[in-house]
2 protein chains.
Amino acid sequence: MVWSNTRDKQLQERAHQVIPNGMYGHESVAMMPDDFPQFFAKAEGTRLWDIDGNEYIDYMCAYGPNLMGYARPEVQSAIVEQLARGDTMTGPGPGMVELAETMVSMVRHADWAMFCKNGGDATSIAMVAARAYRGKKKILVARGSYHGSAPWNTPGMSGIVPEDRAHIIYFDYNDLDSLTKAAKFAGDDVAGVFATPFKHETFSDQSHVDADYARGVRKLCDELDALLIVDDVRAGFRLTRGCTWETVDVDPDIACFGKVIGNGQPISAVLGANKARKAVESMFVTGSFWFSAVPMAAALATMKLVRETDYLKQLVTIGTLLRTSLDAQASQYGFSIRQTGPVQMPQILFDDDPDWRFGYRWCQLAMKHGAYLSPYHNMFINAAMTEADVAKTLEATGAAFADLQANRTTLEPQAKLGVLKRLLAS
Amino acid sequence: MVWSNTRDKQLQERAHQVIPNGMYGHESVAMMPDDFPQFFAKAEGTRLWDIDGNEYIDYMCAYGPNLMGYARPEVQSAIVEQLARGDTMTGPGPGMVELAETMVSMVRHADWAMFCKNGGDATSIAMVAARAYRGKKKILVARGSYHGSAPWNTPGMSGIVPEDRAHIIYFDYNDLDSLTKAAKFAGDDVAGVFATPFKHETFSDQSHVDADYARGVRKLCDELDALLIVDDVRAGFRLTRGCTWETVDVDPDIACFGKVIGNGQPISAVLGANKARKAVESMFVTGSFWFSAVPMAAALATMKLVRETDYLKQLVTIGTLLRTSLDAQASQYGFSIRQTGPVQMPQILFDDDPDWRFGYRWCQLAMKHGAYLSPYHNMFINAAMTEADVAKTLEATGAAFADLQANRTTLEPQAKLGVLKRLLAS
């Protein structure tokens, strides 16, 4: 089949009539290379089909949620069974307690669990809990890190007032000196420190957490009697079967999870230590669908797969194979790429590409050959991926590299560069 | 079957180990009369079964979402079909555009739609949009009204800092003088006015919106070039097939919907006029599951039922029958009750019941006889309810009234009164 996007373009035109900007949020293709499809008809296993019928090996995994493969049978069964019994009811199902017990048993620091919908629900609960904990106000956040789109953290500043961030103090990730300075600036008013499990910002190389830094954050929080919060919404359960900072042997007081925990069903979670229990018990937080039974059934099924399968090994095997193969392929075609962060969550950026002409063109071509990659956002490996998927991906990326090589000297700067530059400068 | 709650009590004990307070949020039974079940096994049509197997006619309707009857076949089919194709993917399905077109065509003031998860997502988007609209900051909110549990509005003040509400100014609902004073206090800095469709606060009588007041709010917003926002999350589509203020012929600039629009599936919506489009287009808001296809398919099926069935007539018929029957029944047993607000969303409070001993005891007994009612929160009628359901409800409430009458002089004040009084005073 020849790739085409006739239907997608038509639907985008209709969308522009009735949806602001035609689409909004992280799944908008506004910042993606031209021709990226906006609307999808089907998803199964490692594959995604757009509404023109084009098939992709999908490395975005719904921007994270697809951990075990789309429509994973064990999870689908749990959804359908629970749906027949009840979903959104006047109270939760018994699965809520079972899920809390399960996650508390899996995540080392956790003594209790709360469930919500958005990742941002979880991070906002954690932030308010830090303030409720000792009545202090300042929240220390790593500069450039994303903790959701609520007013205290959205990267878009339209409609945001200074008071929304009056008590947010920024520091540089992986830099204990910077953190210490921020804490000193806050004086005796530090309520909590937000720690991203590792540095995973858009348009940037990723970096692993430094173990000394993580231990330093823990020590500082203990000294200040402030809560240490790990926002594991994006990375949770892709690096280890618990909180990501267990990999550096540091326990937070609260960790936020979301994305993968129901393998695509809408559920997020706050997992905390007893130290933080009274704080959350004193708060009022809720949502119309936070106690729905179906997403909890899906989460129970997903957590069973997390515990009982070798999914983690598969993520590492496939992620490593993809990384080494792409490195070799890039060299073969005379390009140098940087693949950063954990192999389960690849970020791929081109060297010598100040105006993004290589990265954007490469992703556009790979997409048209059947591999859906992002030129600016970290990607995700899912447990359904096989060596055959990687081989097929390399055909697509190989075709993209070949075109890039052939047109290297005549490529135009990325048309969206102006927007990008403004974004990067802000 | 004899009512019992052995399993529920056991599960509540387990819950207390791993969930803060054993449960949190609006579906916690902490404020309900003793013995109310916390966990539910099944929901279908008008009925709810707790985990001990007790069956209830459920007047809470999941605190709103159940509009067409639990597990309504037309909606269930749409869910299962879409689930087989795809749910949370790397972009939305085509149903998102169809749903936006549908809702824009149904809701008079709407030119565009955005979808999210929590009702509170929708109200927060509206609030930020009002500030983005002209760069002004003050938001006028009716005292005591609920617009979600984000820091700018949660009724629980633990962990909330003064800056969270630095630009929120309160006025009294249905009182134009109070609103005008609040606007004067804000000077030339009024960004938007939040209007609840009618007054529906917990522990209080409800009141309908006064049409003159609604027109006055519209006029004020026009004079100040501020956005008029109707938070229709709780009442939307139960009073009319559009925004509730269409019933008084006043159009907002933005209306927030949630709860019912997917008949229980997790989806909320912001519906706005073109006047507010640029404001939302300038913002960055998103959530991991906002673009999932299944809740949109459920919403399309629900909106079809809204358009094509006489559900609204059924809500009014049943709600009216329940109200007149309960009034008669109360008199018959020598009690006087106040049933306020629209019949589709009843609030029932006892006269001469300062310590809630009648209301709490009456609900507890009705529950044990199979009618699930709330003594403090407005209830909801759903379109699956029949005259037979009302007759069965009246058996339960009759038994409750008889007991109340027999024990009238020896009833103890409601044990939770201390908590209630603190809550009401705060």
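In this convention, every chain numbers its residues from 1, walking through the sequence in written order. Labels are handed out in written order, letters beginning with A for the chains and numbers beginning with 1 for the ligands. Given that the model is predicted, a residue must reach a pLDDT of at least 70 before its local features are reported, and side-chain atom pairs must reach 80 or more before they are shown or counted; all residues, however, enter totals for whole chains, interfaces and linings. Calculation of side-chain values draws on the structure's entire complement of heavy atoms; hydrogens and water are dropped beforehand.

The name given to chain A in an unreviewed UniProt entry is Aminotransferase class III-fold pyridoxal phosphate-dependent enzyme, with the source organism recorded as Devosia neptuniae. Its UniProt record gives chain A a comment under Sequence similarities (unreviewed entry), which states: "Belongs to the class-III pyridoxal-phosphate-dependent aminotransferase family." Recorded in UniProt for chain A, the comment headed Cofactor (unreviewed entry) runs: "pyridoxal 5'-phosphate". UniProt positions are given in the numbering used here, feature names are shortened, and annotations may be inferred rather than shown by experiment.

Draft legend 1. View of the relation of the copies chain A and chain B. Copies are brought into register by a least-squares superposition over C-alpha atoms of residues with pLDDT of at least 70 in both. For the pair chain A and chain B, the superposition axis carries a translation of 0.0 Å, the fit reaches an RMSD of 0.0 Å, and the rotation angle comes to 180°. Here the copies are linked by what is in effect a two-fold axis. If distances are taken from each C-alpha of chain A to the rotation axis, the shortest is found for E163 of chain A, at 2.7 Å.

Draft legend 2. Spotlight on the domain arrangement of chain A. Residue and element names in this part refer to chain A. Boundary definitions for the domains trace back to an automatic or database domain assignment. Entries for chain A in the domain assignment read domain 1 (6–63 + 310–425) and domain 2 (73–308). If you average the C-alpha positions of domain 1 and of domain 2, the two centres end up 28 Å apart. Across the boundary between the two partners, domain 1 contributes 27 residues, which contact 20 residues of domain 2. Simply put, the buried area is the total loss of 1.4 Å probe accessible area from both parts when two parts are fitted together. Taking both partners together, domain 1 and domain 2 bury about 1,900 Å²; carbon and sulfur atoms supply 59% of that area. It is Y311, L312 and M345 in domain 1 that bury the most area against domain 2; as a group they hold 27% of the surface buried on that side. Whenever Lys or Arg places a side-chain nitrogen within 4 Å of a carboxyl oxygen from Asp or Glu, that contact is recorded as a salt bridge. If you look at where domain 1 meets domain 2, you find one salt bridge. Counted as a polar contact is a pair of N or O atoms within 3.5 Å, where, for protein atoms, one must be capable of donating a hydrogen and the other of accepting one, and residues adjacent in sequence contribute only when both atoms are in side chains. Run the count over domain 1 and domain 2 and you get eleven residue pairs in polar contact (both at pLDDT 80 or more). Secondary structure elements follow DSSP: runs of H or I of four or more residues count as helices, runs of E of two or more count as strands, with numbering from the N terminus. For the side of domain 1 that touches domain 2, the elements supplying multiple residues, two or more each, are α9 (311–332), β11 (337–340), β12 (347–350) and α12 (417–425). Counted by class, the side of domain 1 that touches domain 2 contains 18 nonpolar, seven polar and two charged residues. What makes two residues a contact is simply this: any of their non-hydrogen atoms within 4.5 Å. Throughout this entry, Asp, Glu, Lys and Arg are counted as charged residues, while Ala, Val, Leu, Ile, Met, Phe, Trp, Tyr, Cys and Pro are counted as nonpolar. The remaining residues, Gly among them, count as polar.

Draft legend 3. Quick look at the sheet that holds strand β3 (residues 55–58) of chain A. All names here are of chain A. Pairing between two strands is assigned when DSSP locates at least 2 bridges connecting them. Read across the open sheet, the four strands follow the order β1-β2-β3-β13; overall the sheet is mixed. The sheet is open, and its two edges are formed by β1 (40–44) and β13 (371–372), each paired on a single side. The pairing of strand β2 (residues 47–50) with β3 spans three bridges and is classified as antiparallel. Within β3, the residue paired with W49 across the bridge is E55.

Draft legend 4. Looking closely at the interface of chain A and chain B. With 93 residues of chain A in contact, the opposing surface of chain B contributes 93 residues. Of all residues in chain A, Y24, T90 and F289 of chain A give up the largest surface area on contact with chain B, accounting jointly for 10% of the area buried on that side. Put simply, chain A and chain B have two salt bridges between them. With its nearest N and O atoms 2.8 Å apart, the salt bridge here joins E101 of chain A to R14 of chain B.

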